[in-house]
Amino acid sequence: NFKKFVEAKQSTKEYDLLVIYKPQINSLRASLGEINLSESTSRNIEKLEKEILSEILGEFETSKDVLQKSLKTAIVSRYLPDSMILKMQLDDDPQVNLALSVIKDQSLYQKLLTNPTQDKSAD
């Protein structure tokens, strides 16, 4: 599982998922250090880092479908021409699929194209 792979890389410090937050966290530590950072405050900052990491790792579950599609596209883009990749992306695109279903339903299509002010004047 990809999440476990990333967690393992994070624990061995090969990856640092907090890298974009480090400047702010270090700045917070420095500011609090100037006013004699207490042990409990230091623990709270460490707790904050763990919570941020947990949120990031949680995104692997909540965004699983999007990540899988992105990885699939990244992998096949190395082997397929751009036109085939674009076709794959369009085939999986929910907005494109909805637009196609509207076009296929002529009554819905005409209803959407109808000027709403024309309907009100007919009443």
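Everything discussed here concerns the structure shown above.
Residues numbered from 1 in each chain as written. Predicted model: local features only at pLDDT ≥ 70, side-chain atom pairs only at ≥ 80, totals over all residues. Heavy atoms only, no water.

> Which parts of the structure should I look at to understand the overall build of the protein chain?
Scanning the protein chain from terminus to terminus reveals eight helices and zero strands. For the protein chain, the succession of helices and strands along the chain, N to C, is α-α-α-α-α-α-α-α. Here the protein chain has a C-alpha radius of gyration of 25 Å; the compact-globule value for 123 residues is 14 Å, and the former is much larger. In terms of principal-axis extent, the alpha carbons of the protein chain reach across some 75 × 50 × 20 Å. Taking all contacts inside the protein chain whose residues are at least 6 apart in sequence as the whole, residues at least 24 apart take part in 38%. Accessible surface, the protein chain as shown: approximately 10100 Å² in total, 57% of it carbon and sulfur. One way to put it: in the protein chain the 17 positive side-chain charges average out to a point 4 Å from where the 19 negative ones average out. (Helix = DSSP H or I, 4+ residues; strand = E, 2+ residues; numbered from the N terminus. Rg over C-alpha atoms; globule rule 2.2 N^0.38 Å. Contact = heavy atoms within 4.5 Å. Areas by Shrake-Rupley, 256 points an atom, 1.4 Å probe, with all protein chains shown as cover. Lys, Arg positive; Asp, Glu negative; His and termini not counted. Charge placed at Lys NZ, Arg CZ, Asp CG, Glu CD.)

The values reported here are purely geometric and, on their own, carry no functional implication.
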